[in-house]
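# Notes for the structure review
Listed here are the chains, written in short residue letters.
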Amino acid sequence: MESRITTDDVAKVARLARLRLTDDELDRFTHQLSDILDHAADIEALELDDVEPMARPVPLSNVLRSDEPNDPLDRDAVLAAAPSTEDGQFRVSPVLGEAP
Amino acid sequence: MSLDLDVWEIVIGLEVHTELLTRTKLFSGAVNRFGGEPNTHIDPMTLGLPGALPVLNEHAVELAIRVGLALNCTVQRSVFARKNYFYPDQPKNYQISQYELPINADGWLELPSGKRVGIERAHLEEDTGKSTHVGGGGRIHDARYSLVDLNRAGVPLLEIVGRPDLRTADEAKAYVSELRSILVAVGASDGKMEEGSLRVDCNVSVRHRGDSDFGTRCEIKNINSLRAMGRAIDYEAARQADLISSGEAVVQQTRHWNDTEGRTTLLRSKEDADDYRYFPDPDLVEIDPGPEWIERVRAALPMLPSARRHRLAERTGAELERTALVVERGLDELCLTAVDAGADPERVLTHAEHNLADERAAGLDPEAFAQLVAMETDGRLTATQTKAVLAEMVDTGDGPDAIAARHGYEAMDSGSLEPIVDGLIEANPAEWERFCDGDAKVAGFFVGQVMKATQGKADGKAVTALLNARRG
Amino acid sequence: MRTAVDIAAGVRAGELSALEVLDEHLERVVLREAEIHAFNHLTEEAARAAATGLDRRVAAGEDPGPLAGVPVALKDNLCTEGVPTTCSSRILEGWIPPYTATVVERLVAAGAVPVGKTNLDEFAMGSSTENSAFGPTRNPHDVTRVPGGSSGGSAAAVAAGFAPVSLGSDTGGSIRQPAALCGVVGVKPTYGTVSRLGLVAFGSSLDQIGPFSATVADAALVLEVIGGHDPGDSTSLPGSFPSVSEHLDDGVSGLRVGIVTEMMGDGIAADVTARVRAAADALAAAGATVEEVSVRAVTYGLSAYYLVAPAEASSNLARYDGVRYGVRVEAATAGEMMEATRTAGFGDEVKRRIMLGTYALSAGYYDAFYGKALKVRTLIRRDFDAAYERFDVLLSPTSPTTAFPFGDKTADPMAMYLNDVCTIPTNLAGHPAMSVPFGVGDDGLPVGVQVLAPALGEVVMFRTAAVLEGSVR
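What this report covers is the structure whose coordinates are included nearby. Counting restarts for each chain: residues are numbered from 1 in the order of the written sequence. In the order they appear in the text, chains get letters beginning with A and ligands get numbers beginning with 1. Only residues with pLDDT of at least 70 are given local features in this predicted model, and only at 80 or more are side-chain atom pairs given and counted; all residues enter the totals for whole chains, interfaces and linings. Heavy atoms from the whole structure form the basis of all side-chain values; hydrogens and water molecules are not counted.

Time to look at the overall build of chain A. The secondary structure listing takes helices from DSSP runs of H or I that are at least 4 residues long and strands from runs of E that are at least 2 residues long, numbered from the N terminus. The number of helices and strands found in chain A is four helices and three strands. Its C-alpha atoms give chain A principal-axis dimensions of about 55 × 45 × 25 Å. In chain A, 37% of the contacts between residues at least 6 apart in sequence involve partners at least 24 apart. Total accessible area computed for chain A in this model is approximately 5,400 Å², and 44% of it derives from carbon and sulfur atoms. The convention is simple: Lys and Arg are positive, Asp and Glu are negative, and His and the chain ends are not counted. Where a charge sits is defined by one atom per residue type, namely NZ (Lys), CZ (Arg), CG (Asp) or CD (Glu). In chain A, 10 side chains carry a positive charge and 23 a negative one; their mean positions are 7 Å apart. Residues count as neighbours in contact if any of their non-hydrogen atoms are within 4.5 Å of one another. Only the protein chains shown count as covering a residue, and every accessible area follows the Shrake-Rupley method with a 1.4 Å probe.

A few words now on the interface of chain C and chain B. On the chain B side, the residues contacting the 38 residues of chain C number 29 residues. Interface area, chain C with chain B, both sides summed: about 2,600 Å², of which 61% is carbon and sulfur. Throughout, the accessible surface (probe 1.4 Å) given up by two parts as they are put together, summed over both, is called the buried area. Contact with chain B buries area across many residues of chain C, yet S234, R319 and R324 of chain C alone supply 23% of it, more than any other trio. Whenever a carboxyl oxygen of Asp or Glu lies within 4 Å of a side-chain nitrogen of Lys or Arg, that contact is scored as a salt bridge. Across the chain C-chain B interface, the total number found is one salt bridge. R196 of chain C is the partner of D283 of chain B in a salt bridge, and the nearest nitrogen-oxygen pair spans 3.1 Å.

With that out of the way, let us pick up the side chain of Q177 of chain C. Positionally, Q177 of chain C belongs in helix 6 (residues 176-182). Discounting residues that sit within four places of it in the chain, Q177 of chain C has contacts with S127, G148, G149, T398, S399, F404, N419 and D420 of chain C.

Glancing now at the sheet that holds strand 6 (residues 208-213) of chain C. Adjacent strands of a sheet pair through backbone hydrogen bonds, lying either parallel or antiparallel. Residues and elements named next belong to chain C. A pair of strands is treated as paired once DSSP finds two or more bridges between them. Ordered by their spatial adjacency, 11 strands build an open sheet running 1-3-2-4-6-5-10-11-9-7-8, and the pairing between neighbours is mixed. Only two strands of the sheet have a single neighbouring strand rather than two, namely strand 1 (39-42) and strand 8 (289-293). Pairwise comparison of adjacent strand axes, ignoring direction, gives a mean angle of 30° for this sheet. By the bridge criterion, three bridges tie strand 7 (residues 256-260) to strand 9 (residues 393-397) in an arrangement that is parallel. Within strand 9, the position partnered with I259 by the bridge is L395. A fitted line through C-alpha atoms represents every axis, and for helices the fit uses only the stretch in contact; the resulting angles, taken between N-to-C directions, go from 0 to 180 degrees.

Residues and elements named next belong to chain B. Partly exposed describes any residue whose relative accessible area lies between the buried limit of under 20% and the exposed limit of over 50%, with all areas from a 1.4 Å probe on protein chains only and scaled to the type maximum. The alternating pattern of strand 8 (residues 130-134) places S131 and H133 on a buried face and K130, T132 and V134 on a face that is not buried. Sheet analysis places strand 8 next to strand 9 (residues 145-149), joined by five bridges and oriented antiparallel. Looking at strand 9, one finds that V134 is bridged to Y145.

So, about the packing of helix 8 (residues 332-340) of chain B against helix 10 (residues 366-377) of chain B. Residue and element names in this part refer to chain B. Look at helix 8 against helix 10: their axes get within 8 Å of each other, and the N-to-C directions meet at 60°. Looking at the two axes, helix 8 sits oblique to helix 10. Of the two elements, helix 8 crosses helix 10, and the hand of that crossing is right-handed. Taking contact as the criterion, the partners of L334, T337 and A338 in helix 8 are, on helix 10, P366, F369 and A370. Classification used: nonpolar for Ala, Val, Leu, Ile, Met, Phe, Trp, Tyr, Cys and Pro, charged for Asp, Glu, Lys and Arg, polar for all others including Gly. Classifying every residue of the contact of helix 8 with helix 10 by side-chain character gives five nonpolar, one polar and no charged. Should an angle lie under 35 degrees it is considered roughly parallel, over 145 roughly antiparallel, and from 65 to 115 roughly perpendicular; all remaining angles are considered oblique. Should the near helix be turned counterclockwise from the far one by less than a right angle, the crossing is left-handed, whereas a clockwise turn marks it as right-handed.

Per the stated rule, a full pass over the model turns up 62 salt bridges over all chains. Linking R23 of chain B and E68 of chain A is a salt bridge whose minimum nitrogen-to-oxygen distance equals 3.2 Å. You can see R23 of chain B sitting in the loop between strand 1 (8-19) and helix 1 (44-47) and its partner E68 of chain A sitting in the loop between strand 1 (64-65) and helix 4 (75-80), one on each of two chains. Between R360 of chain B and D395 of chain B there is a salt bridge whose closest N-O contact spans 2.9 Å. Note that R360 of chain B is positioned in the loop between helix 9 (345-354) and helix 10 and D395 of chain B in helix 11 (residues 383-396), a separation of 35 residues in sequence. A single network of salt bridges, built from pairs that share partners, joins R82, D281 and D283 of chain B together with R196 and D233 of chain C.

The omega torsion of the bond from G149 of chain C to S150 of chain C falls at 10°, within 30 degrees of zero and hence cis. Mapped onto the elements of the fold, S150 of chain C is located in the loop between strand 3 (113-118) and helix 5 (152-159). With a phi close to 55°, R18 of chain A is a non-glycine residue in the positive phi region. For R18 of chain A, a relative accessible area of 21% gives the class partly exposed. A positive phi is found at N62 of chain A, a non-glycine position, where the angle reads about 50°. Locating N62 of chain A in the fold gives a position in the loop between helix 3 (41-44) and strand 1.

In this section: helix 15 (residues 441-454) of chain B. All names here are of chain B. Given a helix with a known number of residues, its expected span is that number minus one, times 1.5 Å. Here helix 15 is 14 residues long and its end C-alpha atoms lie 21 Å apart, about the 20 Å a rise of 1.5 Å per residue gives. Those residues of helix 15 not exposed but buried are V442, A443, F446, V447, V450, M451 and T454. One or two residues past the end of helix 15 sits Q455, with phi positive at roughly 50°.

To continue, consider the packing of aromatic side chains. Stacked, tilted and edge-to-face are the three classes assigned to paired rings of Phe, Tyr and Trp, where Trp is represented by its six-membered ring and a pair needs centres within 6.5 Å; plane angles under 30 degrees give stacked, over 60 edge-to-face, the rest tilted. Enumeration over the complete set of coordinates arrives at 23 aromatic pairs over all chains. Measuring from ring centre to ring centre gives 6.1 Å for Y276 of chain B and Y278 of chain B, while their planes differ by 70°; the resulting arrangement is edge-to-face. The interplanar angle of 55° and the centroid separation of 5.3 Å between the aromatic rings of Y366 of chain C and Y370 of chain C together place this pair among those described as tilted. Classification of Y366 of chain C by relative accessible area gives partly exposed; the value is 22%. Owing to a relative accessible area of 0%, Y370 of chain C belongs among the buried residues under this scheme. Taken together, the aromatic side chains of W95, F123, Y320, Y325 and F346 of chain C make up a single cluster linked through ring pairs. Whether a charge sits over a ring comes down to the Lys NZ or Arg CZ being within 6 Å of the ring centre and within 35 degrees of the ring normal. When the ring centre of W108 of chain B is taken as origin, the NZ or CZ atom of R116 of chain B, which lies over that ring, is 3.5 Å away. In this structure, R471 of chain B is placed above the aromatic ring of F435 of chain B, and the distance from its NZ or CZ to the ring centre is 4.4 Å.

Taken together, the contact between chain C and chain A spans 65 residues of the former and 51 residues of the latter. Here chain C and chain A share two salt bridges between them. Across the pair D348 of chain C and R28 of chain A runs a salt bridge, and its minimum N-O distance is 3.0 Å. Under the rule applied, a polar contact is a pair of N or O atoms within 3.5 Å (in protein, one hydrogen donor and one hydrogen acceptor; residues adjacent in sequence only if both atoms are side-chain atoms). Summed over the shared surface of chain C and chain A, the result is 18 residue pairs in polar contact (both at pLDDT 80 or more). By residue class, the composition of the side of chain C that touches chain A is 35 nonpolar, 15 polar and 15 charged.

The structure is reproduced here in structure tokens:
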């Protein structure tokens, strides 16, 4: 039976999710994800055009907070817990490319 | 590069991000304030800490509705979605934005020219933090490392997506100016482009004049001023036209405006665009303002720039386009009150356009302004004297009578001017000869000399008339 | 062993010392924790200080609150200021939150004494606690078997008497299934009744915090303290948590009980279904009417869940990137650093679900997978609602089997996922459900019976659970 998801698909998904896979892992995960998606085939086949999606279980709307400041976190403690800092900022290796 | 606009037409659509003037961030109580020591406006949500949850800022919604109504949008039920992408200054590695259902949809904005530009949507979303690239002269590709400050992360943004209805760089500038005026008028934004509270991305394409289909567009980022925007649009349009003229195709891509070099460079092609995997944010519930809230906001809106321009044009009889500057300076109320008090509308507008650039001008007493204009139109003050008195009124707040009296201003009649003019003709024979030979510029020399001799009390027009009479 | 109700009553009356109660429990920890491994982190010192403070307050005539002196164990995905919170993941190893989850604040304000952070499947993804980066928890009833998961540490802590009550989180059964396997009570309340603020998110539209306890009354007591509106959680329902304790003795006379047909057939062990039928008989004997009822759409629950939960998880877990907190693996560029950090920091099950969720949300697949799964949630809710028009509560097994041996299902993710087939549908619907111990299976290990109720139907759910509890005593 043809696999529901290819190693190329899994490689692409891993890239999107910022995960690196060895060749062995790629094969193994492809098999496992394929099994899970096979199981999901039962809902893929359902005719649900008239059914409203349910993104969240609570029937709430307009949950709002007043525009009042809270106490900020202790900056020194936050920075002390960070892997690398400089001049009060989080330091990272060079960022290649700009944000979208 | 420049473009032959008889052959080509530029098509421009703008996406404007504005930071909203709230006290706190969009989804948490960390303060929303420009600048400050890095990473001081932080809380669990801003940092994207495990377990942190968003709660929507009511005032940000209120401001979004104000803008939506000011842009003639439909204010509707809306849903927040997550836009997923990894970037170090995006603390959760997703941005909470609105995707399928924006709070404001389908509106328009009127330019001073009277042209309407469509607004596709104006939706709420959170800002990112700021990355500083260290080493390599601050250029991103050569940096040794980067520093991340999250003070800006989570600040409320309204993204206003305009339709591709703009056709020239000047029109694009007028659009941004108008939008900025509206945002400031409704209290949604401080409109400061230089502090990044107003940011513009341009979608530019070109087509042959007369074509009905749009060309392939490119998006230009990193535009930091109106002037830069105009240059970037003209550069990009010319670049695309050159490509097409030489038989190449324009490739849809995102380009970076380099203001120093005056050109755009490739940022990334749309083919390798991220897959943002939008989905409704399960941590938030929908916003459905409902008619009551919307009408309450509508009733509290101030009069907007386009309505003020129309009002000024109607009541002064001026062309609509001429009212733009006066409204932009916030002098329309002053002008209208002065006109109501009997001042000549034409003189009132002329002063507002040319002699009231000072920021304090809006604080002038309209009655005093009307009185001054009356003194001018009655011939009691010359144009030069009026201008001087007006400047001093702005400066001191004193009335026009008092100022004119202090300076001994009174328009001189031509009888007392004659001996002065005759004396000057005698003393400057060479200049007089050139004037008689038709060199009109020399008239200015004589007028200036008369003004000097009379300490500005002479009426410039009367002096010119006298000179012309003497020449015969 | 003392119940939370008894401890609180004793301490409030000045008849029991909170410190002595704590020490009783810590002695059991000393005896068995090395074998069980319920905890990632013990906070004995802070607990002793808190208990001493409580005793002093009682002596001064104060009332410390409804949980006075009750030791509680907290699942290690609940943020606790100053105390490490790891989610049993390498990527958060050593991370100390600068703030505390609402539920923990409420427990402490009510006089409870936190004793430590309990082990779980990494980021609450699993059904056996074998996915913990810090080693599995063992089932106190048989240490060769799993305690269930993901809240295995919290379930085992109560079963072993380390604490009378504990908190877990339930996204697809992570409280109820380990409760069943460890022979304790476990409750997943109605979505929105307990604040999620400070709960490290897995599947945000499914996650709910709930209690483990030895008795039904203890679970009610804890829920009444931690439940109720929290302005810090946008999905928190208005109002306070329904008053459950006062109705525990109301009985089930006249209640209509439905046994869910779809949860009694294939894949469910016969000794387990036998216990569910015995439970139904007990309810009938107590005056309820019992019938079988079909809830068709629950058969699609597993498929929908394994699209919705991973999709939300893929986004919720994107923040673990080594930039601001937690572990970092350095690399030449920021992008490579993020990738190296995540690759080294997450275990296989977490990676599997992140990739599955990323796939389900990605362009071209959204409608077929995630979009469809959200519609299936509507179907499930609809079918439950139809059943609740005819029945007050529903009954089913909690877990298809009793506790299974270590390694039994680790090689086959799908086999592991099937553990949650009976618990998942209520999470998708947002409804409450609880597991009540009801005897043992053929292997002598505990069996849990699941009582399901409509949204905000906690009172009738607890009344039913109390009758079941009474009938096995």
